[in-house]
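This is what each chain is made of:
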Amino acid sequence: MAKTKVLERKPLTFAEKTFLPQIASGLATTFVNMFKKSITMEYPEVRPVIPDKYRGIPTLVKDPKGRVKCVSCQLCEFVCPPKAIRIKPSEIDPDTNEDRSHIEKEPKDFDINMLRCIYCGLCEEVCPEEAIFLQDNFSLSGYTRESMVYGKEKLLELGGTLPDKHFKWDKKKEAEENNPINH
Amino acid sequence: MDFLDYIIPILYALGMMVVFMTMCAYAVLAERKICSLIQGRVGPNRAKIPIISQIPIIGNILTRLGIFHPAADGLKFLFKEEITPKHVRLTYYYLAPIIALAPALTTMVVLPFGRYIDTNGLVQPVVLADIDVGILFILAVSSLGVYGIVLAGWASNSKYPFLGSIRSTAQMISYELAMGLSILPVFLWAAAPGSDYGLSLFGVVQSQKTLWLILWQPISALIFLVAIFAETNRLPFDMAESETDLVGGFHTEYGAFKFGMFFVAEYAHIIMGSALFVLLFLGGWHFLPGISDPWPAGFFGVICSTLWFLLKIFLMIFFFIWMRWSMPRFRYDHVMHLGWKILLPLAIVNFIFYIFVIALIDKISY
């Protein structure tokens with residue numbers, strides 16, 4: 001059984017009954033507070049430090065050679081809980097895109113409805129190409145619902161270029177060219 | 001000549017009104033700024049006026065201090081959409097803010113705010129109307145301000161304003177008693193036998209040449225201060241507003257400029273209350289307790305005494321604001337308890353005590 005201890009409340013002293021010492025000490029506290037540094041961050045001019053791995057809005061990234069990394073596998077579209085992502089795949093024309101000729105697909109349209117997005121980061125987690133990232137942009141606004149559906153161009157612009165550790169498709173291409181029979 | 005005699009007092013009155021309204025506006029700014037300082041915030045610092053704000057360093061500092069905010073606030077109130085709810089009693093609804101503001105501005109007529117020395121070498125007050133019942137006039141007129149609140153609550157025809165105004169009425173009546181009784185000893189002392197000042201405020205200030213009344217009658221000062229807080233509807237006694245439980249209190253249904261008038265009236269009351277406290281207990285324009293009047297005789301002396309008086313008023317306004325952001329609101333029944341069961345008896349006892357003391361001093365000195 002839990003022990004309960006009844007605290008005895010002392011009767012107020014005369015000074016306490018007049019409130020005056022309490023008011024004085026309260027005034028002293030607020031007066032001291034007046035000279036402390038303000039903790040306000042003046043937002044549009046001063047931006048907060050965004051920690052690593054922050055989940056801002058999802059964006060599409062390019063690799064350091066300026067190529068779109070997304071291959072339109074549509075895994076993010078499937079995993080997206082609020083169904084914010086819509087992808088229309090298309091083929092990559094090998095003649096016009098020589099450096100991506102061995103990659104079969106790219107997104108024709110890649111729309112993320114930012115009004116639906118819940119910033120869960122599952123798209124980033126599921127992406128096999130490391131093509132979609134939730135980056136540090138947390139403030140977005142628009143005048144219409146349509147303007148809040150971000151298309152491919154906008155997403156690529158927001159995403160920018162991220163360093164790539166693997167260059168997966170380059171390796172694959174290399175392997176393909178050196179060892180065509182195995183493929 | 002006759003014509004000029006009419007014009008000049010009007011000009012003086014207008015001048016004082018301008019100063020007074022500016023003080024009201026900047027009291028609002030001071031409230032916001034001090035509140036923000038106490039709460040660790042920055043406070044209003046964005047409003048800019050095109051040319052002045054662009055002066056390199058000064059403009060920036062002024063903007064950071066929020067100097068241009070009162071103008072922005074005023075314009076906002078002026079240009080906002082006037083919304084009149086359908087369920088209000090129109091005449092009284094429009095009348096209420098006027099009735100709230102008018103008494104607050106009227107009381108300044110009898111407020112002496114400096115002193116000059118006339119051709120006969122006598123010290124005279126700088127005041128619009130030097131009447132010898134100054135304090136009675138102020139008490140009578142300033143308490144008319146409650147009619148504005150009552151009318152606002154009643155005309156709004158909705159429950160929160162009604163509750164707010166009911167509370168405010170009860171509170172005003174309760175604290176007026178203690179307030180009146182608390183300043184009786186002051187005038188008992190100031191209008192001593194042989195003095196020719198009667199109930200004039202100038203007389204009270206002149207009686208504090210050597211000894212400020214806050215030192216000689218601290219209990220009166222305390223009761224008066226608490227009552228002033230209650231009369232001006234300031235926290236911890238802002239029963240009329242109590243925005244946490246009554247939405248916005250008596251002005252819930254008001255918007256735009258009508259709300260602005262209530263707002264200005266509130267601050268006008270604060271300034272009047274501060275001025276009254278300074279006059280009655282803090283020695284008016286006298287320099288320090290013991291050092292009565294070091295100001296020179298001429299026009300410069302008038303300016304000095306007025307500025308010193310203004311400085312004291314600013315300190316009192318600061319105290320009002322500082323108090324607001326330090327204290328929680330009293331519960332309504334606690335307010336009534338404090339008013340009727342503590343302050344009123346205390347004021348009576350205080351009065352009787354000083355009757356005996358002053359009578360004794362009189363006996364000894366004669």
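Residues numbered from 1 in each chain as written. Chains lettered and ligands numbered in written order. Predicted model: local features only at pLDDT ≥ 70, side-chain atom pairs only at ≥ 80, totals over all residues.

1. Considerations on the overall build of chain B
Part 1: A tally of regular secondary structure across chain B gives 14 helices and 2 strands.
Part 2: Relative to the globule expectation of 21 Å for 366 residues, the C-alpha radius of gyration of chain B, 22 Å, shows essentially globular dimensions.
Part 3: Projected onto its principal axes, the C-alpha positions of chain B cover 70 × 55 × 50 Å.
Part 4: Looking at chain B as a whole, 44% of its 366 residues qualify as buried.
Part 5: When contacts within chain B are restricted to residue pairs at least 6 apart in sequence, those whose partners lie at least 24 apart make up 75%. (Helix = DSSP H or I, 4+ residues; strand = E, 2+ residues; numbered from the N terminus. Rg over C-alpha atoms; globule rule 2.2 N^0.38 Å. Buried ≥ 20, exposed ≤ 12 C-beta atoms within 10 Å, placed from the backbone. Contact = placed C-beta atoms within 7 Å.)

2. A few points about helix 14 (residues 332-365) of chain B
Residue and element names in this part refer to chain B.
Part 1: Spanning 34 residues, helix 14 covers 47 Å between terminal C-alpha atoms, matching the ideal 50 Å at 1.5 Å per step.
Part 2: The sharpest bend along helix 14 measures roughly 30° and falls at L343, with the proline P345 sitting one to four residues further on.
Part 3: When we look at burial in helix 14, the residues that qualify are V335, L338, G339, L343, A347, N350 and Y354.
Part 4: On its buried face, helix 14 is in contact with helix 8 (159-190) and helix 11 (218-231). (Expected span 1.5 Å × (residues − 1). Bend = angle between axes of the 7 residues up to and from the residue.)

3. Section: the environment of Q206 of chain B
Part 1: Looking at where Q206 of chain B falls in the secondary structure, it is placed in helix 9 (residues 201-206).
Part 2: In this structure the C-alpha to C-alpha distance between Q206 of chain B and F68 of chain B, which are 138 residues apart in sequence, comes to 38 Å.

4. What to know about the interface of chain A and chain B
Part 1: Across the contact, 12 residues belong to chain A and 9 residues belong to chain B.
Part 2: Taken together, the residues that form the side of chain A that touches chain B break down as 5 nonpolar, 5 polar and 2 charged. (Nonpolar A, V, L, I, M, F, W, Y, C, P; charged D, E, K, R; others polar.)

5. Let's talk about the sheet that holds strand 2 (residues 85-91) of chain A
Hydrogen bonds along the backbone pair up the strands of a sheet, which may run parallel or antiparallel.
All names here are of chain A.
Part 1: Pairing is antiparallel in the open sheet, where 3 strands are placed in the order 2-3-5. Only two strands of the sheet have a single neighbouring strand rather than two, namely strand 2 and strand 5 (149-150).
Part 2: Pairing of strand 2 with strand 3 (residues 105-113), which is carried by 7 bridges, proceeds in the antiparallel orientation. Bridge assignment links I85 to a residue of strand 3, and that residue is I112. (Pairing = 2+ DSSP bridges.)

6. Describing the packing of helix 5 (residues 90-106) of chain B against helix 12 (residues 256-281) of chain B
Residues and elements named next belong to chain B.
Part 1: Direction vectors running N to C along helix 5 and helix 12 enclose 25°, while the axes themselves pass 8 Å from each other. The angle between helix 5 and helix 12 places the two elements in the roughly parallel class. With respect to the hand of their crossing, helix 5 and helix 12 are arranged in left-handed fashion. In this structure, helix 5 contributes P97, A100, L101, A104 and L105 to the contact, and helix 12 contributes K258, M261, F262, V264, A265, A268, H269 and M272.
Part 2: Residue composition of the contact of helix 5 with helix 12, grouped by class: 11 nonpolar, 1 polar and 1 charged. (Axes fitted to C-alpha atoms, helices over the stretch in contact; angles between N-to-C directions. Parallel < 35°, antiparallel > 145°, perpendicular 65-115°, else oblique. Left-handed = near helix turned anticlockwise from the far one by under 90°.)

7. Some words on the domain arrangement of chain B
Residue and element names in this part refer to chain B.
Part 1: Per the domain assignment, the segments making up chain B are domain 1 (1-79) and domain 2 (83-365).
Part 2: The C-alpha centroid of domain 2 is placed 23 Å from the C-alpha centroid of domain 1.
Part 3: The element that contributes the greatest number of residues to the side of domain 1 that touches domain 2 is helix 1 (residues 2-38), accounting for 14 residues.
Part 4: The residue makeup of the side of domain 1 that touches domain 2, split by class, is 15 nonpolar, no polar and 1 charged. (Domains from an automatic or database assignment.)

8. Considerations on unusual backbone geometry
Residues and elements named next belong to chain A.
Part 1: Positive phi, close to 60°, is recorded for S72, a residue that is not glycine.
Part 2: Mapping S72 onto the fold places it in the loop between strand 1 (58-60) and helix 3 (75-79).
Part 3: Among the residues examined, S72 registers 23 C-beta atoms within 10 Å and is labelled buried.
Part 4: For E130, which is not glycine, the phi dihedral falls at a positive 50°.
Part 5: Looking at the element boundaries, E130 is found in the loop between helix 4 (122-126) and strand 4 (132-134).
Part 6: Note on E130: 16 C-beta atoms within 10 Å, which makes it partly exposed.

9. Structural notes on the nonpolar core
Part 1: With 90 residues, the main nonpolar core has F224, A227, I271, F277 and L280 of chain B as its most contacted residues.
Part 2: Here this core gets 17 residues from one element, more than from any other, and that element is helix 12 of chain B.
Part 3: Sequence-distant contacts of A227 of chain B, that is, excluding residues within four places in its chain, are made with Y175, A178, M179, S182 and L343 of chain B.
Part 4: In this structure, C70, I112, C117 and L156 of chain A belong to the second largest nonpolar core, which totals 25 residues. (Core = buried A, V, L, I, M, F, W, Y, C linked by C-beta atoms within 7 Å.)

10. A word on the packing of helix 11 of chain B against helix 14 of chain B
All names here are of chain B.
Part 1: At a minimum axis separation of 10 Å, helix 11 and helix 14 run at an interaxial angle of 150°. Comparing their axes, helix 14 and helix 11 come out roughly antiparallel. Helix-helix and strand crossings are classified by hand; for helix 11 and helix 14 the assignment is left-handed. Judged by residue contacts, I219, S220, I223, V226 and A227 of helix 11 engage L343, L346, A347 and N350 from helix 14.

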